Amino acid sequence: MPTPATGLLLGLLLAACGLPLPWSAAAFVPLALILPFIVSAPTPRQAAGRGFWVGFGYFGLHLWWLGAFLQQLLGAAPLVLVLFALEGAFLAVTAFLAARVARTRTGRIWTLAGAWIILEWLRFLGPLAFPWPTLGYTLLPTPAIQIADLGGVLLGSVLVTFTAASLAHAWVGAQEQGRRPWAPALLAALTWAAALGYGMTRTPGTGPEQPMRVMRVTFDPFERASGDLTAETQFAKTRAASLNRPAGSVVVWSETAITYPGPPDIRADFPGPGISGAGGYDFSTDPAHPLAEPREYNTAVTLDAAGRIVSRSDKTKLVPFGEEFPFQPVLGPIYRMILIPLGLAIPDFRPNAHPTPLALNGVLYGAYICYDSVFPRVSRALAAQGAQLLVNPSNDGWYKGWGVQQHFNMGRVRAIETRRWLVRSVNNGVAGAVDDLGRPVQLVQSGDQLRTLDVRPRLLGGTTLYVRVGDWPALLLALGMIGFGVTRRERMF
């Protein structure tokens with residue numbers, strides 16, 4: 001009889017076929033085992049239990065590095081189990097509903113496969129949004145990932161779940177009908193052939209080159225947060241690395257590389273022209289007024305050769321429980337009760353509901369900060385407004401192990417979805433350039449010293465189908481799988 005350990009093991013197996021592992025494209029294999037395991041439960045409630053343990057194992061291994069982060073930050077690694085349990089609960093509810101609305105095991109397989117996509121889409125929304133483990137990213141080692149310019153990373157998830165469901169359908173169908181219905185598996189094989197063919201025929205875009213100097217700095221984010229590392233020290237070291245770059249080159253600095261207490265007043269010795277992450281305080285009223293209240297900000301700015309701000313766009317997606325605390329109007333007293341004894345305060349950031357490209361010397365840059373890179377709608381909005389190049393200032397010093405590579409690889413898919421080059425300047429992460437096919441061109445990702453790269457990304461235009469229509473192709477296909485599953489009428493069980 002299946003036990004929670006079986007579900008946990010299957011979830012771990014699915015995570016073991018995820019990024020950044022090179023065999024991630026095989027993720028449909030463990031998923032083809034997970035779907036029938038869940039739907040073969042005797043009751044919807046038991047299906048929910050199986051879904052919970054699959055989700056707990058899947059998130060637990062895929063995001064193991066979060067425990068190391070929480071241990072270093074708060075000395076409380078076990079807190080990450082709350083996240084794993086929450087995500088397991090979401091999959092449990094999905095499994096329960098799939099088991100209730102579909103009448104047969106094969107029907108439940110297709111319903112759960114389609115609902116899995118809807119659940120991934122929901123993870124992009126709301127104050128608890130956390131779309132990190134999206135199945136579509138597992139296609140990144142294959143040409144099939146190029147379909148992301150048609151329907152985003154979720155269209156890749158559709159390919160993975162459809163393939164898994166078709167294999168599970170053949171297996172379970174043999175038990176229900178006494179024969180193996182191979183038609184869905186054949187359709188999945190044809191779909192793979194079409195996706196691979198599409199990917200292999202994509203060619204890089206052509207456009208003018210924009211010389212840029214990007215860098216990988218190695219500042220300890222915990223020292224920066226505690227004040228042991230001053231903003232002046234970071235500024236001086238980063239500035240020194242930015243000098244003597246090629247003529248016409250734009251320098252790119254990492255997230256919050258420029259920090260100012262009080263209203264933003266960029267120093268005249270910034271080695272512009274350039275793009276930088278900036279953090280500090282903004283004032284809604286005259287800062288000299290005794291009642292003026294500063295507001296925290298995390299933003300990207302362009303600066304001219306004189307170090308003056310030309311344009312600015314704030315961070316769109318704030319990190320839950322880092323830059324914003326969800327449901328603060330209701331849960332504020334509880335948050336304060338927990339944080340104040342730890343010497344911490346509730347952050348006062350405001351998300352940017354309308355990200356806009358940054359202008360510099362006649363070029364529009366789609367700049368977005370760190371965590372923004374895992375939300376396709378941000379880069380999609382910037383490309384729709386004419387951004388010619390994606391720029392991602394980031395601070396990956398908070399991540400450990402797989403987290404660094406996962407973050408970088410997810411950013412590569414943003415380049416594919418928009419058909420724009422991507423450049424990254426980071427603290428303790430992967431810096432460099434990625435072309436519009438999502439291929440790394442020049443990277444620097446290791447070393448204890450500040451390192452720079454002089455890259456020449458291309459400025460591109462045009463609009464992909466994904467930029468125009470968003471996630472609708474993937475969502476409609478997911479709803480089609482659900483509809484197919486709900487309407488099946490073979491033998492009941």
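Remember, it's a predicted structure, so these values are computed and weren't measured experimentally. (Residues numbered from 1 in each chain as written. Predicted model: local features only at pLDDT ≥ 70, side-chain atom pairs only at ≥ 80, totals over all residues. Heavy atoms only, no water.)

S.K.: Describe the overall build of the chain, listing the residues and the values that go with them.
M.R.: Broken down by element type, the chain carries 15 helices and 13 strands. Computed over the C-alpha atoms, the radius of gyration of the chain is 24 Å, within 12% of the 23 Å expected from 2.2 N^0.38 for a compact globule of 493 residues. Considered along the principal axes of its C-alpha atoms, the chain spans approximately 75 × 55 × 40 Å. The 493 residues of the chain split such that 56% are buried. (Helix = DSSP H or I, 4+ residues; strand = E, 2+ residues; numbered from the N terminus. Rg over C-alpha atoms; globule rule 2.2 N^0.38 Å. Buried < 20%, exposed > 50% of the residue type's maximum accessible area, 1.4 Å probe, protein only.)

S.K.: So, the packing of helix α1 (residues 4–15) against helix α3 (residues 44–62): which residues are in play, and what are the values?
M.R.: One can describe the packing of α1 onto α3 by two numbers: an axis separation of 7 Å at closest approach and a directional angle of 40°. Of the possible angle classes, the one that applies to α1 and α3 is oblique. The interaxial crossing formed by α1 with α3 has right-handed handedness. Contacts from P4, G7, L8, G11, L12, L14 and A15 in α1 reach W53, V54, F56, G57, Y58, L61 and H62 in α3. Residue classes in the contact of α1 with α3 are distributed as ten nonpolar, four polar and no charged. (Axes fitted to C-alpha atoms, helices over the stretch in contact; angles between N-to-C directions. Parallel < 35°, antiparallel > 145°, perpendicular 65-115°, else oblique. Left-handed = near helix turned anticlockwise from the far one by under 90°. Contact = heavy atoms within 4.5 Å. Nonpolar A, V, L, I, M, F, W, Y, C, P; charged D, E, K, R; others polar.)

S.K.: An account of a nonpolar patch on the surface is needed here, citing residue identities and associated values.
M.R.: Taken together, the side chains of L86, F90, L128, F321, F327 and V330 present a nonpolar region at the surface, about 560 Å² in accessible area. Along the chain, the position of V330 falls in helix α11 (residues 328–339). (Patch = residues over 30% accessible without salt bridge, like charges linked within 9 Å, V, L, I, M, F, W, Y side chains within 5 Å. Areas by Shrake-Rupley, 256 points an atom, 1.4 Å probe, with all protein chains shown as cover. Salt bridge = Lys/Arg side-chain N within 4 Å of Asp/Glu carboxyl O.)

S.K.: Please provide a residue-by-residue account of the environment of T106, values included.
M.R.: Along the chain, T106 falls in helix α6 (residues 105–122). For T106, a relative accessible area of 0% gives the class buried. Separated by 378 residues in the primary sequence, T106 and F484 place their C-alpha atoms 9.8 Å from one another. Separated by 3.1 Å, the side chains of T106 and R488 make a polar contact. (Polar contact = N/O pair within 3.5 Å; in protein donor to acceptor, adjacent residues only side chain to side chain.)

S.K.: How would you explain unusual backbone geometry if you had to name every residue and give the values?
M.R.: The phi torsion of most residues other than glycine is negative, and most of the peptide bonds are trans. Omega for the bond connecting L19 with P20 falls within 30 degrees of zero, at 5°, which places this linkage in the cis form. Positionally, P20 belongs in the loop between α1 and α2 (28–39). In this structure, P273 follows G272 across a cis peptide bond, with omega equal to 0°. With a phi close to 55°, N244 is a non-glycine residue in the positive phi region. Within the secondary structure, N244 is located in the loop between α10 (231–242) and β2 (250–252). Positive phi is not limited to glycine here, since C370 has a value of about 40°.

S.K.: Tell me about the side chain of H169, and please be specific about residues and values.
M.R.: With respect to the helices, strands and loops of the structure, H169 is situated in helix α7 (residues 148–177). Overall, the relative accessible area of 3% leaves H169 in the buried class. Residues contacting H169, with those up to four places away along its chain left out, are T106, I109, W110, P181, P184 and R488.

S.K.: Summarise the nonpolar core; cite the residues concerned and give the values.
M.R.: Burial of nonpolar side chains together is a common tendency in soluble globular proteins. Membership of the largest hydrophobic core comes to 111 residues, with the highest contact counts inside it found for L31, W132, M212 and Y365. Top contributing element to this core by residue count: α7, with twelve residues. Once residues within four sequence positions are removed from consideration, M212 is found in contact with S249, V250, V252, I275, Y365, L389, V423, L453, D454, V455 and P457. Among the nonpolar cores identified, the runner-up in size contains 14 residues, and L229, W253, A278 and L303 belong to it. (Core = buried A, V, L, I, M, F, W, Y, C linked by side-chain atoms within 4.5 Å.)

S.K.: Explain the packing of aromatic side chains residue by residue, including any values.
M.R.: What the rule picks out here adds up to 16 aromatic pairs. Considering the side-chain rings of F56 and F84, the 6.0 Å spacing of their centres and the 90° angle between planes classify their relative orientation as edge-to-face. Of this pair, F56 sits in helix α3 while F84 sits in helix α5 (residues 80–101); the two residues are 28 residues apart in sequence, bridging distant segments of the chain. Grouping residues by exposure puts F56 and F84 together as buried. (Phe/Tyr/Trp six-rings, centres within 6.5 Å; stacked < 30°, edge-to-face > 60°.)

S.K.: Report on the pattern of salt bridges, specifying residues and quantitative values.
M.R.: Within this structure, the stated rule accounts for twelve salt bridges. The salt bridge partner of K315 is E323, with a shortest N-O separation of 2.8 Å. Exposure remark for E323: the relative accessible area of 9% places this residue in the buried category. Connected through shared salt-bridge partners, E209, R456 and R458 make up one network.

S.K.: Kindly report on the packing of α1 against α2, identifying the contributing residues and their values.
M.R.: A pair of packed helices is captured by two measures, namely the crossing angle of their axes and the spacing between those axes. Orientation of α1 relative to α2, taken along the N-to-C sense of each, is 155°, at an axis distance of 9 Å. If you check the angle between α1 and α2, you find them roughly antiparallel. When the axes of α1 and α2 are compared, the crossing they make is left-handed. Together, T6, G7, L10, L13 and L14 of α1 and P30, L31, L33, I34 and F37 of α2 make up the contact between the two elements. Considering only residue class, the contact of α1 with α2 consists of eight nonpolar, two polar and no charged.

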